[in-house]
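Chain by chain, the residues run as shown.
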Amino acid sequence: MAEPEHWDATYETKGAQGVSWYQPVPNVSLDLIRQMEVVADAPVIDVGGGESLLVDNLLTRGFSDLTVLDLSKVALDEARRRAPSPQVRWVQADVRTWGPDRTYGLWHDRAVFHFLVDPDDRAAYMRTLTAATAPGSTVIVATFAPTGPETCSGLPVARYSSPDLAEALGPRFDLLATEEEEHTTPSGGVQPFTWVAGRLT
C-alpha cells in the first residue's frame, strides 16, 4: 500500500468524481447490507471509505453509528464537508496499524484489501479486523475479480474469486452471499469486482 501522500495527491489531482472507484450510488454495498439484515443502529465501519458516498446513503436510510477510516486526510476532509453529521466518526489511519477502541456490527471494505499484495500486510489487516469485530459481526469485502485490473492508481493489486476471497478472510468468516460487479469508471472503463458477505463465528 502507498503512503497517505499518494492518496492525497490522487484525490487532489482527480477530484472525488474522477477517481476510478467513484460511484454515485454504491448499489452493491447497499444491496448486500440489506441482504445481511444489518440493523440501522448497528455500529458500522467503512474501511478505506475516503470520499465514498456509502456513508451519505446509510445516513438517509437511518443508520446512526458510522465510522469512516481512510489513509487520506484530503478524502476525509471532503467527505466530512459533504456529510457533516454528528453520527459519523472520521478516522485517518492505516488499517494495518490502527487500534480500534470498540467493535463493529458491520465491517465494510470496497477499497483496501486488494492492495494488500504482501502476506504480512494481509495478516496485519486481519489482526485489525479481528480486534474490531465480534462473533456475529457482518463482514462485506470487495476486491478486483480474477479478470480485473492488475494495477490501480499505479499500484499492484491482488485479484480474487469469491471462494479465494472467503478463504483469505479466515476460518471465522462464514460466507453467506456473493456478487460479481461490472463497475464502470468515470472514464468509461469496466472493472470486474468480486464481493463476499458473511458473518463471523
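Note that the structure is a prediction, hence the values are computed from the model and not measured. (Residues numbered from 1 in each chain as written. Predicted model: local features only at pLDDT ≥ 70, side-chain atom pairs only at ≥ 80, totals over all residues. Heavy atoms only, no water.)

Bringing the pattern of salt bridges into the picture now. A full pass over the atoms with the stated rule returns 10 salt bridges. Arg80 is the partner of Asp77 in a salt bridge, and the nearest nitrogen-oxygen pair spans 2.8 Å. Of this pair, Asp77 and Arg80 both sit in helix H4 (residues 73-82), three residues apart, which is roughly one turn of the helix. Exposure remark for Arg80: the relative accessible area of 33% places this residue in the partly exposed category. (Salt bridge = Lys/Arg side-chain N within 4 Å of Asp/Glu carboxyl O. Helix = DSSP H or I, 4+ residues; strand = E, 2+ residues; numbered from the N terminus. Buried < 20%, exposed > 50% of the residue type's maximum accessible area, 1.4 Å probe, protein only.)

In this structure, Ile33 and Leu58 are the most contacted members of the largest nonpolar core, which totals 30 residues. Breaking this core down by element, the ones donating at least two residues are helix H2 (27-35), helix H3 (54-60), strand S2 (66-70), H4, strand S3 (88-92), strand S5 (138-144) and strand S9 (190-200). Sort the elements by how many residues they give to this core and H2 lands first, with four residues. The next biggest cluster of nonpolar side chains, apart from the first, holds 26 residues, and it includes Leu69, Trp107, Val139 and Leu169. (Core = buried A, V, L, I, M, F, W, Y, C linked by side-chain atoms within 4.5 Å.)

As for its placement among the helices and strands, Ala131 is situated in helix H5 (residues 119-132). Ala131 sits in the partly exposed class, given a relative accessible area of 41%. Taking the C-alpha atoms as reference, Ala131 lies 26 Å from Asp56; in sequence the two are 75 residues apart. Those residues in contact with Ala131 that sit more than four places away from it in its chain are Pro100, Arg102 and Thr103. (Contact = heavy atoms within 4.5 Å.)

You will see that Glu37, though not glycine, has its phi angle at about 55°, which is positive. With respect to the helices, strands and loops of the structure, Glu37 is situated in the loop between H2 and strand S1 (44-47). You can call Glu37 exposed: its relative accessible area is 64%.

Moving on, we come to the pairing of strand S4 (residues 106-109). Side chains of S4 alternate between two faces, with Leu106 and His108 and Trp107 and Asp109 buried alike. Where S1 meets S4, four bridges bridge the pair, whose relative direction is parallel. Residue pairing across strands places Asp46 opposite His108, the latter belonging to S4. Bridging between S4 and S5 involves four bridges; their strand directions are parallel. (Pairing = 2+ DSSP bridges.)

In this structure the tally under the stated criterion is four aromatic pairs. Centroid distance Trp107 to Tyr125: 5.6 Å. Interplanar angle 85°. Geometry classified as edge-to-face. Highlighted residues: Trp107 in strand S4 and Tyr125 in helix H5, separated in sequence by 18 residues. A relative accessible area of 0% means that Tyr125 is categorised as buried. Ring centres of Phe113 and Tyr125 lie 5.0 Å apart, and the angle between their planes is 65°; this geometry places the pair in the edge-to-face category. With Phe113 in the loop between S4 and H5 and Tyr125 in helix H5, this pair connects stretches of sequence that are 12 residues apart. (Phe/Tyr/Trp six-rings, centres within 6.5 Å; stacked < 30°, edge-to-face > 60°.)

The mixed open sheet is built from seven strands, whose spatial order is S3-S2-S1-S4-S5-S9-S8. Across the chains shown, the open sheet's two edge strands, defined by having one partner strand only, are S3 and strand S8 (173-184). Within the sheet, the average angular offset between the axes of one strand and its neighbour, ignoring direction, is 15°. Where H4 meets the sheet, its contacts fall on S2 and S3, and the angle it forms with S3 comes to roughly 165°. The strands touched by H5 within the sheet are S4, S5 and S9, with S4 carrying the most contacts at an inclination of about 150°. (Axes fitted to C-alpha atoms, helices over the stretch in contact; angles between N-to-C directions.)

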